[in-house]
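Chain by chain, the residues:
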Amino acid sequence: MSKLRIAAVGDVHLGEDVRGRYREHLAGIEEKADVLLLAGDLTRHGTLEEGQVVADEFRDLPVPVVAVLGNHDHHSDRPAEIAALLRDAGIMVLHDDAVVLDIDGTRLGVVGGKGFGGGFAGKCASEFGEPEIKAFVNHTKRIADRWRRALKETEADVRVVLSHYSPVNDTLQGEPLEIYPFLGSYLLAEAADAEGADLIVHGHAHKGTEKGMTPGGIRVRNVALPVLGRAYAVYCHDGDGHC
Amino acid sequence: MEAPQYVAARVQQALAEDERTTELGIRVDVRGEQLFLRGEVTSEERRDLIAGVAEEAAPGLAVRNELTVADIREPGGEEKL
């Protein structure tokens, strides 16, 4: 299996006023990476106009682009239309499902979606009490179940989970503890640990930390742009630790 | 007189919910007659816009705009997993 170079970034929060500025940093990406993953919050408040800026910024790149949406991309209640704009620009958009890419003979499986919150083991919400709390927790449970199924069904040499919300609290360090339950859920990590994955990338936590891992030992990377401070991160994988 | 904590919370909520800003990560502190804004934004235009929305939400306070504009660096070396 040849090595795979996975570029990733999230939380680019594009709008008309910064049109073209991010694109400048994508020149030459094919020399650094084989694929680009976008970890949600691509817009500021999820309007179609902002969605079009995102589509234009990431269209026609020399490497395949796979994206998930984030909570900001849902704010105007147009997530399906934003996803359609991105797909029209050749960007693959995951919604709790998977895509398998053939990269020079290596099959890269990318599984994921927006994810959601609820908190982390021992300090999390449960399906108890008012219907609003039950609905909140149930939303995450259903997402985690769909990821588990998608991972089970995805045959690939390398499997990456792409999320907006965080699966672990390691990568939240720097954020106020009080908001952890709104930043992610351990149920997402549990699904990946149950079925196996080589890497999980997420965004959402702007003040968090880049590196963490799941209880099962899967590497987790918070690629929110304010955390990275650079246009994108590149993670190199070849199965035996040599790149 | 309204407690400064409530004023700061109102401004923070306005910055998150106002369609012009929708910024969730801005730190807002009120000290006496001054309102401090801290955090990172993506452009000069947004820096000014956020200060304007904060001023509307807390009229009478002097806004100290300490927001910085994030600089996107070029991608560095790869991490070997």
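Cut-offs and rules
- Residue numbering note: each chain is counted from 1, following its sequence as written.
- Chain labels run from A onward and ligand labels from 1 onward, assigned in the order the entries are written.
- Where totals are concerned, whole chains, interfaces and linings use all residues; where local detail is concerned, this predicted model gives features only for residues with pLDDT of at least 70, and gives and counts side-chain atom pairs only at 80 or more.
- The side-chain quantities take in all heavy atoms of the structure and omit both hydrogens and water.
- Only DSSP runs of H or I covering at least 4 residues are called helices, and only runs of E covering at least 2 are called strands; the numbering of each starts at the N terminus.
- Relative accessibility thresholds used throughout: buried, under 20% of the residue-type maximum; exposed, over 50%; partly exposed, between the two (1.4 Å probe, protein chains only).
- Here a cavity is any set of points on a 1 Å grid over the protein atoms alone where a 1.4 Å probe fits but cannot get out, and a pocket is any open set with protein on both sides within 12 Å along at least 5 of 7 lines; a residue lines the site when it has an atom within 4 Å of a point.
- Grid points are joined across faces, edges and corners, and a volume is the space filled by probe spheres set on the points.
- Gly falls in the polar group here, along with every residue not listed as nonpolar (Ala, Val, Leu, Ile, Met, Phe, Trp, Tyr, Cys, Pro) or charged (Asp, Glu, Lys, Arg).
- Contacts are residue-level and defined by heavy atoms, with any inter-residue pair within 4.5 Å sufficient.
- Once two parts are put together, the accessible area they lose, assessed with a 1.4 Å probe and summed over both, is termed the buried area.
- When a carboxyl oxygen of Asp or Glu lies within 4 Å of a side-chain nitrogen of Lys or Arg, that pair is called a salt bridge.
- The definition of a polar contact used here is a pair of N or O atoms within 3.5 Å, where within protein one atom must be able to donate a hydrogen and the other to accept one, and adjacent residues in sequence count solely through side-chain atom pairs.
- For two strands to be treated as a pair, DSSP must find no fewer than two bridges joining them.
- Axes here mean lines fitted to C-alpha atoms, for a helix over just the part in contact, with angles spanning 0 to 180 degrees between N-to-C directions.
- Each helix should span, by expectation, one fewer than its residue count multiplied by 1.5 Å.
- With respect to orientation, any angle under 35 degrees is reported as roughly parallel, any angle over 145 as roughly antiparallel, any angle of 65 to 115 as roughly perpendicular, and every other angle as oblique.
- Two helices that cross are described as forming a left-handed crossing if the nearer one is turned anticlockwise from the farther one by less than a right angle, and a right-handed crossing if clockwise.

(A) Inspection of unusual backbone geometry at higher detail. Residue and element names in this part refer to chain A. Even without being glycine, H13 reaches a positive phi, approximately 45 degrees. Structurally, H13 can be placed in the loop between β1 (4-9) and α1 (29-32). By relative accessible area, which is 9% here, H13 ends up buried.

(B) Focus on the layout of surface pockets. Approximately 1,300 Å³ is the volume found for the largest pocket. Along the wall of the largest pocket there are 46 residues; nearest its centre are H13(A), H206(A), P226(A), E23(B) and G25(B). Of all elements in the fold, only α3 (71-74) and α7 (225-228) of chain A together with α1 (4-17) and β2 (34-41) of chain B reach the threshold of two or more residues within the lining of the largest pocket. Broken down by class, the residue content of the lining of the largest pocket amounts to 20 nonpolar, 13 polar and 13 charged. Estimates place the volume of the second largest pocket at around 220 Å³. Along the walls of the second largest pocket sit 16 residues, with L69(A), H74(A), P79(A), L94(A) and H95(A) positioned nearest its centre. Within the residue set of the lining of the second largest pocket, elements represented by two or more residues are α4 (79-88) and α5 (131-153) of chain A. Ranked by residue count, the leading element in the lining of the second largest pocket is α4(A), at four residues. For the lining of the second largest pocket, the residue count by class is eight nonpolar, four polar and four charged.

(C) View of the interface of chain A and chain B. Listed as interface residues are 30 residues of chain A and, on the opposing side, 19 residues of chain B. Buried surface at the junction of chain A and chain B, summed over both partners, amounts to about 2,300 Å²; 50% is from carbon and sulfur atoms. A per-residue breakdown of the area chain A buries against chain B is headed by H25(A), R44(A) and R230(A), which together make up 20% of the total. As a salt-bridge pair, R21(A) and E45(B) come within 3.8 Å of each other at their nearest N and O atoms. At the boundary of chain A with chain B, the tally comes to 12 residue pairs in polar contact (both at pLDDT 80 or more). Elements that contribute at least two residues to the side of chain A that touches chain B include exactly α3, β12 (219-222), α7 and β13 (233-237) of chain A. In terms of residue class, the side of chain A that touches chain B is built from 12 nonpolar, seven polar and 11 charged. Of the strand pairs in this sheet, β13(A) and strand β4 (residues 79-80) of chain B are connected by two bridges, and their pairing is parallel.

(D) Fine view of the sheet that holds strand β11 (residues 211-213) of chain A. Residues and elements named next belong to chain A. With respect to topology, six strands assemble into an open sheet ordered β5-β6-β9-β10-β12-β11, the strand pairing being mixed. Both edges of this open sheet fall to β5 (97-103) and β11, since each of them pairs with a single strand only. When the angles between neighbouring strand axes are averaged without regard to direction, this sheet yields 25 degrees. Sheet topology note: the β5/strand β6 (residues 106-113) ladder contains seven bridges and is antiparallel. Residue L101 lies in a different strand from β6, and its bridge partner there is L108. The strands that α5 touches are β5, β6 and β9 (158-163); relative to β9, the one it contacts most, it runs at about 160 degrees.

(E) Up close: α1(B). Residue and element names in this part refer to chain B. Between the first and last C-alpha of α1 there are 20 Å, a value that for 14 residues agrees with the 20 Å anticipated at 1.5 Å per step. Residues V7, A8, V11, L15 and A16 constitute the buried set of α1. Against the buried residues of α1 lie β1 (27-31), β2 and α2 (44-57).

(F) Structural detail: the packing of α1(B) against α2(B). Residue and element names in this part refer to chain B. Between α1 and α2, the least distance of the axes is 9 Å, while the angle of their chain directions is 135 degrees. Taken together, the axes of α1 and α2 are oblique relative to one another. Where α1 crosses over α2, the two elements pack in a sense that is right-handed. For the pair formed by α1 and α2, the contact residues are R10, V11, A14 and L15 on the first element and I50, V53, A54 and A57 on the second. Tallied by class, the residues present in the contact of α1 with α2 amount to seven nonpolar, no polar and one charged.

Functional significance is not addressed by these values, which are geometric in nature.
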